[in-house]
Amino acid sequence: MFCSKKKSLEVERIVKANDREHNEKFQYADNCIHTSKYNILTFLPINLFEQFQRVANAYFLFLLILQLIPEISSLTWFTTMVPLVLVISMTAVKDATDDYFRHKSDNQVNNRLSEVLIDSKLQNEKWMNVKVGDIVKLENNQFVAADLLLLSSSEPHGLCYIETAELDGETNLKVRHALSVTSELGADISRLAKFDGTVVCEAPNNKLDKFTGVLSWKDSKHSLNNEKIILRGCILRNTSWCFGMVIFAGPDTKLMQNSGKTKFKRTSIDRLMNTLVLWIFGFLVCMGIILAIGNSIWENQVGDQFRTFLFWNEGEKNSVFSGFLTFWSYIIILNTVVPISLYVSMEVIRLGHSYFINWDRKMYYPEKATPAEARTTTLNEELGQIEYIFSDKTGTLTENIMTFKKCSINGKIYGEADDDMGQKTDMTKKNEPVDFAVNPQADRTCQFSDHRLMESIKLGDSKVYEFLRVLALCHTVMSEENSAGQLIYQVQSPDEGALVTAARNLGFIFKSRTSETITIEELGTLVTYQLLAFLDFNNIRKRMSVIVRNPEGQIKLYSKGADTILFEKLHPSNEDLLTLTTDHLSEFAGEGLRTLAIAYRDLDDKYFKEWHKMLEDANALIDERDERVAGLYEEIERDLMLLGATAVEDKLQEGVIETVTNLSLANIKIWVLTGDKQETAINIGYACNMLTDDMNDVFIISGNTAVEVREELRKAKENLFEQNRSFSNGHVVFEKQQLELDSVVEETVTGDYALIINGHSLAHALESGIKGDLLELACMCKTVVCCRVTPLQKAQVVELVKKYRNAVTLAIGDGANDVSMIKSAHIGVGISGQEGMQAVLASDYSFAQFRYLQRLLLVHGRWSYFRMCKFLCYFFYKNFAFTLVHFWFGFFCGFSAQIALDTSYWTVINHVFIWGSIATYFSILFTMHSNGIFGIFPNQFPFVGNARHSLAQKCIWLVILLTTVASVMPVVAFRFLKVDLCPALSDQIRRRQKAQKKAKPSRSRRPQTRRSSSRRSGYAFAHQEGYGELITSGKNMRAKNPPPTPGLEKTLYNSTSWIENLCKKTTDTVSSFSLDKTVKL
């Protein structure tokens, strides 16, 4: 079924709303997608074309044509025809089955229903029938059908929240907002039906973070950007409904533009076999020429003597023509040097290896009842030759679950305790988790195992209270209640959600917010704070602050962010606490936890009013607005008082660290290609041990132009090759040589290096003039991390390594944003994770956890490759031995193209030797241990099971030992002499590396200030700039009854607070703690 129409190359797109006739003039693609390779009409020609790209199939087809000529064929065509048809049919059935599942997946997507505005009313339409210019209604938790221009939504000011996991792998919510002129349309169907705006925008492209266009409506024009567009593949979240106008549909959507084409994959053994078949065919032609010349000579000198007996007339048979016919006859006879049974046997072996993978219980994930699955049977031996692994981060290496693990408050660590010997132990291993059952609003899925923190809360520790208050107030989280009355948090980043949830479980519950207030529940007491200012996060500030007024009238500044930045803003009186907290942060970072510092400041009312007036003036400026605002933020965020630090675990999948370590020991390089932010990816790199503090250097490429990127790559190479200056200036002159790198140069790099590059820098680095420098530097590094990359850039990086390194690559991911990378690599592996099944459907192998990759490569891959190589060596030996018998026989039969051993004879010999040898072995074995042979020959076999008695004799074992040593020692001695006298390239490199490591002086461990700080400050980068302004503007606030805030006083619940319940359950409560006493702030 053809779903999309062919159209000419677009320069710009013009779309008119609610006017299908107008838009059809441009022949825009409809919304039907197809990821399959074939359809009913094209399957046979395309599949046959692909199969006959295999040289062996073309070779056998050529032999079949020759066998159909009676003058030169001494073998029946049936012997070649049946196996060839069988092989091609089996392969075609397998390809058709794979493509059937692709069609099934496409139909499932194309037949999804959406509400489309047609003829002034909403109608359910299949996705495949949605057209460009249609107005579509989306509801909460619904997939977006096409690339839409957001017109209106249920949220104030035309806002909506989307999840972009299928595009960039991120599960945090992102905000899109409609134009004010269209948000007024609301859900009024009549007004929406009359909407006739025209959009002029860019042509379809693959840039996920960029969109430019203009909406013309009611004699006015409005500029459009990426914030107004909702892309296909997103999911609408936390928004009841929204309306959008279709701009791009089907294959023109940015999601489909980033998905690569399904490619026909071959293994390196298949490519080697193609080359071998050509060489063997050349050898076959040489033998045929020799025998043809021999026939011509024999016919000329000896053949005349036989013409009388054969009743030939004089001159009827020409010797040259006889040699010509004999040549083709011997081509047919000697064709068994590459028999078609070789390919049948290879497919059977591969099928068996695929079943070994499917049946492997050690790759079975019981929690989801998901076994490993070999979705193709043709790539098994390629698994044993992988050199580069390209991995996604979110959902592949991590579970994308943030957990509050530890904290440091006022110089004291919570989350671990001292045992009887005075040694620190992990509380999660020693103690039972804290029981939050007494807190009815606690999140039961989160656990914390240090009871001492609860004791400090009960004792009324003011520093602990202030610490938890910061977590409950300083954030961008939105709250709502579900139908069951449970409090639900909508978080902009999972890190922030973990911190707010931790404060919630510990008694400081964030309840609600407006543009001017934040309401929290402190140990059962409802407290409303006036929000005076929100100092938003950005990548330069690396921190977030809020300024609030508490019910007592005090003005507080609460701040959290990267420790290296926040520590510079502390008051000098914090020196002792700063030293202690720094040690705690280093300890947290050493455990792979993501950290940030917590601080506060008391502000004078007069000083704040003056500062706030300057802030308002700065916001009103047109020129240098951002600089003035940033300066005012810096001014007020000083002389802070340190409270402590938090440690959040970005939970890795089980076994990731061990898998990465073992794959690295196997000399497999792992590159992480992620759409996540740089610091988040770096932090995971440290957690997985792909990045370590012991590395010689970590190169960060973040240039915004091609010139900057080239210069940063050049400086990084100079640093890496500081001992060999000949490499430092050769990046332009020797660009061709850089693309075809010599492996010896790479192996001689003794230090450990890492390369980290951003998506915008990678876009410049992949240009033809720079990609050679990028590839050279990346291949010299032990670890490469590419951040903020689009799905298409992931595929481009894989293609770069495939093309210029000639290395076998593997890509592994779990989301739709990994599909193009999976299709581009030699081997694609899909993880059935939380981002859907798109990656699995496009993959060659699938399983549930990243740790199974180790077994797939190092066990199944190694043995598949080993068995296939052994089989091919034996098979070629056997067939050459059989074929050369006919060649030698030609010298004794007058080169008459007679066969020495016919096909039936050779088939019988094969069966006799295979089944006969097995039967003989087992018959002798059973006979030696049987009662029957003892009854017949009691003298010759005096003992039943004499083999068992023989093995009890020491002399037997001595004979076995001597025989083994005598058999093995010559081979071992030969291999040692070969390595010593004629070492291979790999042996030379290994010897050189060992010598360099021994000669290398022990270097002192350098302080890794930059890298450790980046690692410790990873949290601050998981945020998105702009949420603070959105909150203070009130645009994202739903219209609802605000909580009563007269005088901003505390409101006590009538019911007994949960902290009182907790105190009742505890017997060791301090007597001075009164249940009736008002909780102090």
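None of these values were measured; they are calculated from a predicted model.

Caption draft 1: Up close: the packing of aromatic side chains. Tallying each qualifying case throughout the model produces 26 aromatic pairs. Consider the rings of Phe 871 and Phe 875, whose centres lie 5.2 Å apart with planes at 55°: the pair is tilted. Of this pair, Phe 871 and Phe 875 both sit in helix α30 (residues 852-889), 4 residues apart, which is roughly one turn of the helix. Accessibility classification places Phe 871 together with Phe 875 in one group, the buried group. Between Trp 888 and Phe 892, the aromatic rings sit 5.8 Å apart at their centres with planes inclined by 65°, giving edge-to-face as the arrangement. You can call Trp 888 exposed: its relative accessible area is 55%.

Caption draft 2: Local environment of the pattern of salt bridges. Within the structure shown, the criterion is met by 38 salt bridges. For Arg 13, the salt bridge is made with Asp 252, and the minimal N-O distance between the two is 2.9 Å. Within this pair, whereas Arg 13 is found in strand β1 (residues 12-16), its partner Asp 252 is found in the loop between β13 (241-248) and α8 (254-257), the two being separated by 239 residues in sequence. The residue Arg 543 makes a salt bridge to Glu 637 at a minimum N-O spacing of 2.7 Å. Here Glu 637 lies in the loop between α19 (625-636) and β28 (641-652) and Arg 543 lies in strand β25 (residues 543-549), a separation of 94 residues in the sequence. Considered together, Arg 543 and Glu 637 belong to a single accessibility category, that of buried residues.

Caption draft 3: Representation of the environment of Ala 754 in the model. By secondary structure assignment, the location of Ala 754 is in strand β31 (residues 753-758). With a relative accessible area of 0%, Ala 754 lands in the buried category. In this structure, the C-alpha to C-alpha distance between Ala 754 and Lys 782, residues 28 residues apart in sequence, is 5.7 Å. In this structure, Ala 754 is in contact with Leu 691, Met 695, Asp 697, Val 698, Phe 699, Cys 781 and Thr 783, ignoring residues within four places of it in sequence.

Caption draft 4: Spotlight on the pairing of β25. With respect to burial, β25 is a largely interior element, 7 of its 7 residues being buried. Across the two faces of β25 the burial is the same, with Arg 543, Ser 545, Ile 547 and Arg 549 and Met 544, Val 546 and Val 548 all buried. Of the pairings in the sheet, the one linking strand β24 (residues 525-535) to β25 comprises 5 bridges and is antiparallel in character. When the sheet's bridge partners are listed, Phe 534 is paired in β25 with Val 546. When β25 meets strand β26 (residues 555-561), the two strands line up antiparallel, connected through 7 bridges. Bridging from a neighbouring strand, Val 546 pairs with Tyr 558 of β26. Here β25 folds back onto β26 in antiparallel fashion, the turn holding 5 residues, of which Gly 553 has a positive phi close to 90°.

Caption draft 5: Layout of the confidence of the model for the protein chain. Overall, the predicted model of the protein chain reaches an average pLDDT of 79, with 79% of residues at or above 70. Here strand β36 (residues 1051-1052) stands out as the element of the protein chain with the lowest mean pLDDT, 36, in contrast to β13, whose mean of 94 is the highest. Per-residue pLDDT stays below 50 along residues 723-744; that stretch engages in 34 contacts with residues further than four places along the chain or on separate chains. Predicted confidence for residues 1002-1014 stays below pLDDT 50, and this span has 21 contacts to residues more than four positions away or in other chains.

What counts as what
Residues numbered from 1 in each chain as written. Predicted model: local features only at pLDDT ≥ 70, side-chain atom pairs only at ≥ 80, totals over all residues. Heavy atoms only, no water. Phe/Tyr/Trp six-rings, centres within 6.5 Å; stacked < 30°, edge-to-face > 60°. Helix = DSSP H or I, 4+ residues; strand = E, 2+ residues; numbered from the N terminus. Buried < 20%, exposed > 50% of the residue type's maximum accessible area, 1.4 Å probe, protein only. Salt bridge = Lys/Arg side-chain N within 4 Å of Asp/Glu carboxyl O. Contact = heavy atoms within 4.5 Å. Pairing = 2+ DSSP bridges. pLDDT = per-residue confidence, 0-100.

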